[in-house]
Each structure stands twice: as structure tokens, then as C-alpha cells.
Amino acid sequence: MLHLTGDIVVEVLNTCAMYRFDEPMIDDLVNAWERDSLYQKWHKASVENVKQFWSTQTDCIYWQSLPTDVYDNGYWLINGKSNLYYNCVARHAIQTPDKVAFINYYDDPSMRKTITYRELDILVKKVVYLLIQKGIQKGDVVAFFMPTRIISIASMLACAYIGALHMVVFSGFSADVLAQRIKDSNAKLLLTLPTIRRGGKEIDLVKTINEVSKKLADNMPEVLYMNDIPDVPNVSLNIEWLNNQDEAFILYTSGTSGKFKGVVHATLPYMLYVSSTFKNIFAPKPDDVYFCTSDIGWITGHSYLVYAPLFWGLTSVIFDGTPLYPTPERYWEIIEREKVNIFYTAPTAIRSLKTYGDEYVTKHNLSSLRVLGSVGEPINETAWNWYFHIVGQKRCPIIDTWWQTETGGFILAPLRNMSQQPCVAGRPFYGVNVSIIDNQLVINNAWPGKYKRILNQNGMYNSVYKSGDTAKLVNGEIKITGRIDDVINVSGHRLCTADFERVLSTMPEIIESATVAIPHEITGQTIVVFAVLASDTISTHEELNIKIQQQLRKSIGAIAKPHKIIYLDDLPKTTTGKIERHKLRELALNN
Ligand code: WT7
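Per chain, residues are indexed from 1 in the order of the written sequence. Given that this is a predicted model, residues contribute local features only at a pLDDT of at least 70 and side-chain atom pairs are listed and counted only at 80 or more, while totals for whole chains, interfaces and linings are drawn from all residues. Values reported for side chains reflect all heavy atoms of the structure, with hydrogen atoms and water molecules removed beforehand.

## Structural notes on the overall build of the protein chain
Filter applied, for reference: Helix and strand assignments come from DSSP, with helices taken as H or I runs of at least 4 residues and strands as E runs of at least 2, each series counted from the N terminus. A radius of gyration in this sense is built from C-alpha atoms; the matching globule rule multiplies 2.2 Å by the number of residues raised to 0.38. Residue contacts are defined here by distance: any two heavy atoms, one from each residue, within 4.5 Å place the two residues in contact. Throughout, the Shrake-Rupley method with a 1.4 Å probe supplies accessible areas, and for residues the shown protein chains are the sole cover considered.
A count of helical and extended segments in the protein chain gives 17 helices and 29 strands. For 591 residues, the compact-globule estimate of 2.2 N^0.38 gives 25 Å, and the C-alpha radius of gyration of the protein chain, at 24 Å, lies within 12% of that figure. Projecting the C-alpha coordinates of the protein chain onto the three principal axes gives extents of approximately 75 × 60 × 55 Å. Nonlocal contacts in the protein chain, meaning residues at least 24 apart in sequence, comprise 72% of its contacts between residues at least 6 apart. Accessible surface computed for the protein chain: about 24,100 Å², of which carbon and sulfur atoms make up 49%.

## Remarks on the site of the ligand
So the rule is basically this: Whether a residue is near a molecule or strand depends on its heavy atoms: if one lies within 4 Å, it is near. We define a polar contact as two N or O atoms separated by no more than 3.5 Å, with the added condition that, inside protein, one atom must be a possible hydrogen donor and the other a possible acceptor, whereas residues neighbouring each other in sequence contribute only through side-chain atom pairs.
Taken together, the neighbourhood of the ligand is formed by 18 residues, with Asp400, Thr401, Gln404, Thr405 and Arg494 sitting nearest. One of the backbone N or O atoms of proline 378 is found 3.5 Å from a nitrogen atom in the ligand. For the ligand, whose unbound accessible area comes to 550 Å², protein coverage reaches 93%.

## Observations regarding the side chain of serine 513
The topology assignment puts serine 513 in strand S27 (residues 510–520). Setting aside its immediate chain neighbours within four residues, serine 513 contacts Glu501, Leu504, Phe530, Ala531, Leu571 and Ile579.

## Focus on helix H10 (residues 299–311)
Counted only if it meets this: Here's how the labels work: a residue is buried when its accessible area is under 20% of the maximum for its type, exposed when over 50%, partly exposed in between, all with a 1.4 Å probe on protein chains only.
Counting buried positions over the 13 residues of H10 gives 13, a clear majority of the element. Phi turns positive one or two residues past the end of H10, at glycine 313, with a value near 65°.

## Here's the deal with the sheet that holds strand S17 (residues 398–401)
Worth spelling out the cut-off: When DSSP locates at least two bridges between a pair of strands, those strands are taken to pair. In this analysis an axis means a line fitted to C-alpha atoms, helices contributing only their contacting stretch, and an angle means the value between N-to-C directions, from 0 to 180 degrees.
Taken together, the seven strands give an open sheet; going across it, the order is S4-S3-S14-S13-S15-S16-S17, and neighbouring strands pair in mixed fashion. Each end of this open sheet is capped by a strand with a single partner; those strands are strand S4 (112–116) and S17. Each strand axis lies, on average, 20° off the axis of its neighbour in the sheet, ignoring direction. Note that strand S3 (residues 100–105) and strand S14 (residues 315–319) share four bridges and pair parallel. By the bridge assignment for S14, tyrosine 105 is matched with phenylalanine 319.

## Notes on the sheet that holds strand S24 (residues 477–483)
Here four strands make up an open sheet; going across it, the order is S20-S21-S23-S24 and the pairing antiparallel. In the strand order of this sheet, the two ends are held by strand S20 (434–437) and S24, each with one partner. Each adjacent strand pair in this sheet contributes to an overall mean axis angle of 50°, direction not counted. Relative to strand S21 (residues 440–443), S20 runs antiparallel, the two being bridged by four bridges. Following the sheet pairing, isoleucine 437 is matched in S21 by glutamine 440.

## Digging into the pairing of strand S1 (residues 69–72)
Pairing geometry for S1 and strand S2 (residues 75–78), over three bridges, is antiparallel. For tyrosine 71, the partnering residue across the bridge sits in S2 and is tryptophan 76. Linking two consecutive strands that pair antiparallel, namely S1 and S2, is a turn of two residues; a positive phi of about 50° is found at asparagine 73 within it.

## Brief notes about the packing of helix H4 (residues 84–95) against H10
Packed helices, taken two at a time, are described by their axes: the angle between them and the distance between them. Our working definition: If an angle is under 35 degrees, it is roughly parallel; if it is over 145, roughly antiparallel; if it lies from 65 to 115, roughly perpendicular; otherwise it is oblique. By definition, any crossing whose near helix is turned counterclockwise from its far helix by less than a right angle is left-handed, and any crossing with a clockwise turn is right-handed. Throughout, the ten residues Ala, Val, Leu, Ile, Met, Phe, Trp, Tyr, Cys and Pro are labelled nonpolar, Asp, Glu, Lys and Arg are labelled charged, and all others, Gly among them, are labelled polar.
Remark: H4 packs on H10, axes separated minimally by 8 Å, with the N-to-C direction vectors making an angle of 55°. Put simply, H4 runs oblique to H10. As H4 packs across H10, the resulting crossing turns out to be left-handed. Within the contact between the two elements, H4 uses Leu84, Asn87, Cys88, Arg91 and His92 and H10 uses Tyr307, Leu310 and Phe311. Partitioning the contact of H4 with H10 into residue classes produces five nonpolar, two polar and one charged.

## Thoughts on the confidence of the model for the protein chain
Operational definition: Confidence scores per residue from the predictor, reported as pLDDT, run from 0 to 100.
Mean pLDDT over the protein chain: 90, with 93% of residues reaching 70 or higher. Under a pLDDT of 50 for its full length, residues 1–30 has, in the predicted model, 75 contacts with residues more than four places off or in other chains.

## Digging into helix H9 (residues 267–282)
Just so we agree on the cut-off: Helix span, as expected, comes to 1.5 Å for every residue beyond the first.
Here H9 is 16 residues long and its end C-alpha atoms lie 22 Å apart, about the 22 Å a rise of 1.5 Å per residue gives. For H9, a buried count of 16 out of 16 residues is recorded, marking the element as mostly surrounded by other parts of the structure.

## Describing the state of the cysteines
In plain terms, the rule: Disulfide: a pair of cysteine sulfur atoms within 2.5 Å of each other.
On inspection of all chains with the given rule, the structure shows zero disulfides. Summary of cysteine pairing: cysteine 396 is not part of a disulfide, and the nearest cysteine sulfur, belonging to cysteine 292, is at 17 Å. The thiol of cysteine 423 is unpaired, and the distance to the nearest cysteine sulfur, on cysteine 396, comes to 17 Å.

What follows is the structure in C-alpha cells.
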């Protein structure tokens, strides 16, 4: 392993590539076959000797103390000390200070803002100073209710600087959700903005924060509005050098049991995993412009919008609006203007944009694009074809990346320049031993991106990680087919049917309810609610529909909008009293 303090980062990007692939030649079948067998060989070797593989991937990390061992008995990067802020900002601020780190596009199409690595470093330090003034220390949790903007990212990095954990809540979620998560994570501080905009509409966050404050009463943390940050006086701000068990962040997601769960990632192994997967799978070049459309409220926004691109010192486009406002050509305009090379988005966005026709895309010059990524749900054939033919003009491989909040980074992806089968998530990353057992995708060995723990849960140590997703093999590659549990996926967002049922059970008019997911052309899946009403209900179905929608919006958020609400006298049940969801699903499909 090397100590890389003095090296130029641009060179690092080139020299660190142990497993580097050639340019894409996806029509060249002979080469594709050769690359496939090369992959098989490398993957086999990497899984047989996991430690050896990962030790080839640690060189690009700046180590304050070098690890004495890369893996030992469940622990990664033994005795190593490092810091995410240092690797993602400080070293680039020294080596490529004038390089643009982020180009921020906003919901307001007239706005565009850029920040260089040097400026980002200064901004991060301002927030660090603020956090220290508020008494935030290593290990404390800082809640975020902020959109995808430079200031939000600088604040996440400020947490990394001092070893505090950020806990980002998507700014479209309700006060209920935000309050639950602040309480569960025991956050000491809440960072937010007074207003944000989405789809041309101004959203008053102060109102939401006041509601949260009422709900949490004495447990309400101090709120900082991040629209106006004072300068830092000339003081020294010490970087916390973290060890392999020190935690980086908490991110909530829907669990199988229907209860939200706080997934905690440890800094060092997470940094190793996201930096390595990003480099090997998207294979960025030093001067690339990268555009990930995710919000910072999801794991994609953490791993592949904030940390991995900054780790490699790239220039990234970030966007806090929606793809449809003010017109459905927002993404394509941005790609053309910024000459984006790597574009990473979700199938739901692709399907939705496709409905507006090809012209919005084809009138823009998108020849800068080289790699097209997809994430969040299986990409179906129509979306794949449109993405490949219309957006990528058949030049760009579609990199469908399968992973989860819990996995930290990509697990499956078509490794670059291999043969491509449409709609197939591809192959396991190096060092990851994946198999399909009883139709379920499982991971058999340890990988550095695996979450460290679930907040407030005593985890049992399982050597096999069960993903909850069903999968099958298609010509040697893995295709994700669905879920084994009641987790549903609406527009790439993980929700759980039990969440809906819990919310509905609080309504006096509803005796019992059940929620099922059915396929939907744009959002992937959509929700159909079945409700059994109390006999003394006087409201009409129309009135109740509105009430149910309001209740779900308030308790979960706008993404929880049911597609249909069907009233039944009874729910179909087995003799042992279990709701027969397959019957409801049939009913929903035929209704
Ligand atoms: C669940 C994880 C990973 C970042 C975004 C979601 C589904 C995700 C794919 C894909 C098929 C996918 C799975 C998974 N999923 N990516 N490329 N193909 N399904 O993170 O909220 O933790 O959700 O999203 O069902 O289990 P998440």
C-alpha cells in the first residue's frame, strides 16, 4: 500500500486502475467474449482471495495511518486511520484547487452555480466551525432536511470532518417521518433551509419544522437554517482521523417488518467500497463531467453523488429540481450545456420522459455521453431500449447497477465493456460472492460496503446476507425479478405495505386495510389500497378517498399516493386468518 499525500490526483486516477477496461465496443462480440472470460477469471480470483483483491484497491485512499491488515475476522482496514472529508475535498483543494467540484442546477431554470474544490473546502470549514460552536462532536448525529445543493453537500462533508454522523431525510418527506427519524437517531442538531422549490412550487419548510417541533417537544434539536452562514474566524479546525469502526452516517430505509430502519455505515470500509466500485464500474476519466440525478436523501445520493465522485476529484452536475419542470427536456439541456460524459438516473425517470416523445431528446446534442447508468429498480425493455437507442444513440453501454442502502455501493453491474444483455443487472463486483438461493439473491461473503449495524437493533451476525430481492440467471448474468417480502418500489423509492396499513389503522372509519402493489407503466409499481369500513361510517367513498390520501401524504409523504382505493365488505383471508394478498392483487389488476 502506498501513501499518496504528495501525488497529483489526476495521476492517481490513471495509475490506481488495477482493473481497468478498454473503451466500450459493445458490438464486437469476439472481444466481448474475451472480456467475459477475463472477468470470470478475475472474479474467481478476487473471491478466492478477497484480502488480496481489496488490498489492490486501498492505494488511492490517503491514510493518516496505514492499515496493518485489509481484513481480519469480520473487520476491515485494521489500524487504518483516515477521513472522508480529507479524501474528498482537502487533497483536491491542494492539488486541483481551481477545478470545479459541483455545477448546481436548480428548480428555477434561470439559476446555475458552480463551486471549485478550493471554494468547497472553505465552505466546508465554515460549516465545521458552526457545528463546533453548537457543541457537535465526534459520534453525534446531525439531521438534515435539505435539498440537493452545494450547501447541503458541504454540510455533509463538515460532519465527516469532525466525525459526526449525518442523517439525511429527503426534503419531500412529511413532518411525521422527519420527527420519527430525529427521535430514533437522537439527532442533536437539525440543518435545513427556510424554503425550497420543486416543480415550480415554493415549499415552506419552516412550517414543516414547526410541526416537527410540536411533535418532538423536549426532544426537538436546535434548528439551523443554512441560508446564511457566517465566515470562520482565523482558528484551527482539527480533522478527526477515524478508525475502521468509526461511523460515517445513518440513512433510513423501509425494512421488511414494516418499520423504518436506520442503516449505519462505518467510514473506512465504506470509503474503500464506494471509491473502488465507482472507478471500476463507471471508469471515469479525470476530465469527465458526471451527472447523477439522485437526491441526497437516498443512498445513491450519498455514495455516488457526494462521496465517490469527490473522492476521485471529478466535476459533477447536481440538480435539485424535477426532470419535467419547466419542460421535459431539463436533463437533456443540462447534459448538452455541460457536456456530461457519465449520466446516472432511474428507470422511472426514463419511462416518464419517454412518454413526451423522442424530440425533446434528439433536438439536443448529447454526443458527450459515454456511459449511461441506471438504478433503483429493474429496468424494463421499453425503458432500456429508449435509453440505449434514443438517449445514448447506441454508443453508450447501459450500466444497470443493483444495490441497496445496506450494501453501501454497487453489488451487481455489467462490468464495463462486457457483452450486454438488455434488462439484466449483470455480474457481481470483484470480491463479492453472490448466489441465488430459493430464488433470493444472497451475498455469501464479507464486502467492505456492508452496513455496520442497524440503529437501535441488536443484530445477530449472519455470514450470509439476504437481500430480499428475487433473482434468476439469464445466460450467466443475474436478472432481478422482484421482492420476497412486502417491500414495494414506487418510482425507485422503497416503501413497505405495512407502513400504509399502519397509517390507515389510525382512521376511525377504517376497520381493516391491506395494501398491494401492482405494476405501473411509469413508476414501476403503484399502490392499491383495500379498506373495510366501520358500519357507522357516514362519509361517502369520495370523501373518504380524499381523507385517506391526505392521511397518507401527511404521514408518509407525497410518494405514498395510492393509485386506487377499493372498498370491500371483508378482506379475503385464509382459514388461519392471513390476508390473501394474491387475491387482492388479482382484484386490483382487474379493477
Ligand atoms: C432496492 C434497494 C440502490 C440505490 C437505490 C435504492 C431495488 C435498486 C436496482 C436495480 C433492480 C433494483 C431492489 C433493492 N433496486 N437498484 N438496478 N435493478 N432492482 O436503494 O432504497 O435501499 O432500495 O431497490 O429491490 O433491494 P434502496
